Amino acid sequence: MNVAIVFGVVLLLLFGLAFFTKRRFGVLGLALAAGSMLSELWATQLTPVVRDAGLVVQNPPLITIVSVVLVLLPAVFLLFSGPSYHDMPKRIVGAILFAALAFALLIEPLGSALVLQGEGRMVYEFFNDNQVYIVTAGLVIAVFDLLGTHTSRAQKVSKH
């Protein structure tokens, strides 16, 4: 299968997850950052544990699967609860930002597991070359999105 198609499917799945669950980008973006840090810290140590548990794959390498799961897992948990968007334009923008940030954080594990050529190599090089900027912008926007999240306050109960 062409790598460009794989990248396109990954981007569409990430977009669809955020769009259809209506979750705010701020929470999901920071969850992706947490997942990326967990992946950096634990992927190497957890890969033998997963292999010993019985999961053996040849392609992609098991460490790639473990890394991808660790990056996405916190955000996947938050897709089921938390603040959400009510306006369609915000949902679309939030889903695009989520897909771009997630893909930028997944570019290293995905790139190491695939043979890159043609359009797939161009997509990979774009995200790889601009990863610092995409991640920085994504995290800054996520923080600002969280600042815009309003939580309901408990009603004051009158004693009289």
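Read on for a plain summary of the structure.

Analysis parameters
Residues numbered from 1 in each chain as written. Predicted model: local features only at pLDDT ≥ 70, side-chain atom pairs only at ≥ 80, totals over all residues. Heavy atoms only, no water. Helix = DSSP H or I, 4+ residues; strand = E, 2+ residues; numbered from the N terminus. Buried < 20%, exposed > 50% of the residue type's maximum accessible area, 1.4 Å probe, protein only. Areas by Shrake-Rupley, 256 points an atom, 1.4 Å probe, with all protein chains shown as cover. Lys, Arg positive; Asp, Glu negative; His and termini not counted. Charge placed at Lys NZ, Arg CZ, Asp CG, Glu CD. Phe/Tyr/Trp six-rings, centres within 6.5 Å; stacked < 30°, edge-to-face > 60°. Axes fitted to C-alpha atoms, helices over the stretch in contact; angles between N-to-C directions. Parallel < 35°, antiparallel > 145°, perpendicular 65-115°, else oblique. Contact = heavy atoms within 4.5 Å. Nonpolar A, V, L, I, M, F, W, Y, C, P; charged D, E, K, R; others polar. Salt bridge = Lys/Arg side-chain N within 4 Å of Asp/Glu carboxyl O. Core = buried A, V, L, I, M, F, W, Y, C linked by side-chain atoms within 4.5 Å. Patch = residues over 30% accessible without salt bridge, like charges linked within 9 Å, V, L, I, M, F, W, Y side chains within 5 Å.

Check the secondary structure of the protein chain and you find 6 helices and 0 strands. Counted from the first residue to the last, the protein chain has its helices and strands arranged as α-α-α-α-α-α. For the protein chain, the proportion of its 160 residues judged to be buried stands at 38%. Carbon and sulfur atoms make up 67% of the accessible area of the protein chain, which amounts to about 10,000 Å² in all. Here the protein chain carries 10 positive and 8 negative side-chain charges, and the mean point of each set is 22 Å from the other.

Moving on, we get to the packing of aromatic side chains. In this structure the tally under the stated criterion is 5 aromatic pairs. Between the aromatic rings of Phe 15 and Phe 19, the centroid separation amounts to 5.6 Å while the plane-to-plane angle is 10°, which identifies the pairing as stacked. In this pair, Phe 15 and Phe 19 both sit in helix H1 (residues 3-21), 4 residues apart, roughly one turn of the helix. According to the relative accessible area criterion, Phe 19 is buried, its value standing at 13%.

Helix H5 (residues 118-129) packs onto H1 with a crossing angle of 50° between their chain directions and a minimal axis gap of 6 Å. Judged by the inter-axis angle, H1 sits oblique to H5. In contact with Val 3, Ala 4 and Phe 7 of H1, H5 contributes Glu 119, Gly 120, Val 123 and Tyr 124. In terms of residue class, the contact of H1 with H5 is made up of 5 nonpolar, 1 polar and 1 charged.

On to the environment of Ser 84, then. As for its position among the elements, Ser 84 is in the loop between helix H3 (62-78) and helix H4 (88-113). You can call Ser 84 partly exposed: its relative accessible area is 24%. Excluding its chain neighbours within four sequence positions, the residues that come into contact with Ser 84 are Lys 22, Arg 23 and Arg 24.

This paragraph deals with the pattern of salt bridges. Considering all chains together, one arrives at 3 salt bridges under this definition. Across the pair Glu 125 and Arg 121 runs a salt bridge, and its minimum N-O distance is 3.2 Å. Note that Glu 125 and Arg 121 are positioned in helix H5 at a spacing of 4 residues, about one turn of the helix. Of the residues examined, Glu 125 reaches a relative accessible area of 34% and is grouped as partly exposed. Among the residues examined, Arg 121 registers a relative accessible area of 40% and is labelled partly exposed.

What follows deals with the environment of Leu 62. One can find Leu 62 in helix H3. For the pair Leu 62 and Pro 48, spaced 14 residues apart in the sequence, the C-alpha separation amounts to 8.9 Å. Once residues lying within four places of it in the same chain are set aside, the contact partners of Leu 62 are Thr 47, Val 50, Arg 51, Leu 55 and Val 57.

What follows deals with the nonpolar core. In this structure, Phe 7, Leu 14, Leu 32, Leu 72, Phe 98, Phe 103 and Leu 110 are the most contacted members of the largest nonpolar core, which totals 33 residues. Within the residue set of this core, elements represented by two or more residues are H1, helix H2 (25-52), H3, H4, H5 and helix H6 (131-147). For this core, the leading source of residues is H4, giving 11 residues. Beyond its immediate chain neighbours, meaning those up to four positions away, Phe 103 contacts Phe 7, Val 10, Leu 11, Leu 14, Leu 110, Val 123 and Phe 127.

Moving on, we come to a nonpolar patch on the surface. Taken together, the side chains of Leu 30, Val 140, Val 143, Phe 144, Leu 146 and Leu 147 make up a nonpolar region of the molecular surface, amounting to roughly 530 Å² of accessible area. Ranked by residue count, the leading element in the nonpolar patch is H6, at 5 residues. Its place among the elements puts Leu 30 in helix H2. Relative accessible area serves as the criterion here: at 31%, Leu 30 is assigned to the partly exposed category.

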